[in-house]
Amino acid sequence: MAQSKEEINHNTESLNQFKMSWFSLKGKVAIISGGNTGLGQGYAVAMAEAGADVFIPTFGEQGWDDTRKLIEDRGQRVEFMQADLTKEGIADKVVSEAMRKFGHIDILVNNAGMIKRNPLLQSNDEDWDNVIAINLSAVYHLSLAASKEFAKQRSGKIVNIGSMLSFQGGKFIPSYTAAKHGVAGLTKAFASEMAAYNVQVNAIAPGYIKTANTEPIRADESRNNEILGRIPAGHWGEPYELMGISVYLASNAANYINGAIIPVDGGYLVR
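Residues numbered from 1 in each chain as written. Predicted model: local features only at pLDDT ≥ 70, side-chain atom pairs only at ≥ 80, totals over all residues. Heavy atoms only, no water.

S.K.: Sorry, what's going on with helix H3 (residues 64-72) here?
M.R.: Owing to its 3.6 residues per turn, the α-helix aligns residues three or four sequence positions apart on the same side. Those residues of H3 lying buried are Trp64, Thr67 and Ile71. Looking straight down H3, one finds that the buried residues subtend no more than 70 degrees of arc, so they occupy a single side. H3 presents Asp65, Asp66 and Lys69 as exposed residues on the side facing more than 90 degrees away from its buried surface. Where H3 is buried, its residues meet helix H2 (38-49), strand E2 (53-58) and strand E3 (78-82). (Buried < 20%, exposed > 50% of the residue type's maximum accessible area, 1.4 Å probe, protein only. Helix = DSSP H or I, 4+ residues; strand = E, 2+ residues; numbered from the N terminus. Arc of directions from axis to C-beta. Contact = heavy atoms within 4.5 Å.)

Okay, structure coming up:
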């Protein structure tokens, strides 16, 4: 069926709304938990490259100097806060401190996490509790604290960090798998309710990326070959290959994406 003149005019008007500036984070402030090392540092640098200032709550001070230089070299400001995100009430303190330092917040990236590897029958309660506390409970509490501010200003972006283990069972990491499935669920739950406040909540699910966490797997020739055999791209991902999607989901270009868990995995899940 041919389009009417009114439909054509509406389509033209809609297409003319799009600007490349929608990808910019200029003037924005991003809280990035654990943004001082590893993939978190990559997200922090990506946000700075796109024009955002960055607030980083971390458990320790490792990587602060390097991260500060990387961000300041891009002309952006960064502030750090030493914080154990598993402690009661700390999420509200993180958001309050970010607000005090910058005056507002616009983006939250829930990156901080840990992993414990043990065969299922050798799992222990301490590992379970610690992994769930940082990988899932802290995501909930920090998201809730940030959402209260986002609701007031009627705008904001939450980018959670899932995993291939948001979709699969994996091996030797039951606590991590449970937590990352939980992150997918929290992403959808927050997205469903916070949409009414013009807040979008999505998750990145990194594939097998070259990091300190995956070094033991890459060193295991059998497991490494098993994983590589399932990646159509034929190689482990590099940290920089996650930077683009993090900026996109934090930007106005992604305003109509909500509740998505987006794999960045070289095609791993299609095999």
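S.K.: Help me understand the sheet that holds strand E7 (residues 261-264) in this model?
M.R.: Pairing between the strands of a sheet comes from backbone hydrogen bonds, and it takes one of two forms, parallel or antiparallel. In space, the 7 strands of this open sheet follow the order E3-E2-E1-E4-E5-E6-E7, with parallel pairing throughout. Two strands bound the open sheet, and with one partner strand each, they are E3 and E7. The sheet shows a mean angle of 20 degrees between the axes of neighbouring strands, direction not considered. Here E2 pairs with E3 via 5 bridges, running parallel. (Pairing = 2+ DSSP bridges. Axes fitted to C-alpha atoms, helices over the stretch in contact; angles between N-to-C directions.)

S.K.: In this structure, what is going on with the environment of asparagine 110? I would like to understand it.
M.R.: Take asparagine 110: it is sitting in strand E4 (residues 107-110). Separated by 104 residues in sequence, asparagine 110 and glutamate 6 place their C-alpha atoms 44 Å apart. A distance of 2.9 Å separates polar atoms of two side chains, one belonging to asparagine 110 and the other to serine 143. (Polar contact = N/O pair within 3.5 Å; in protein donor to acceptor, adjacent residues only side chain to side chain.)

Geometric values such as these leave the question of function open.
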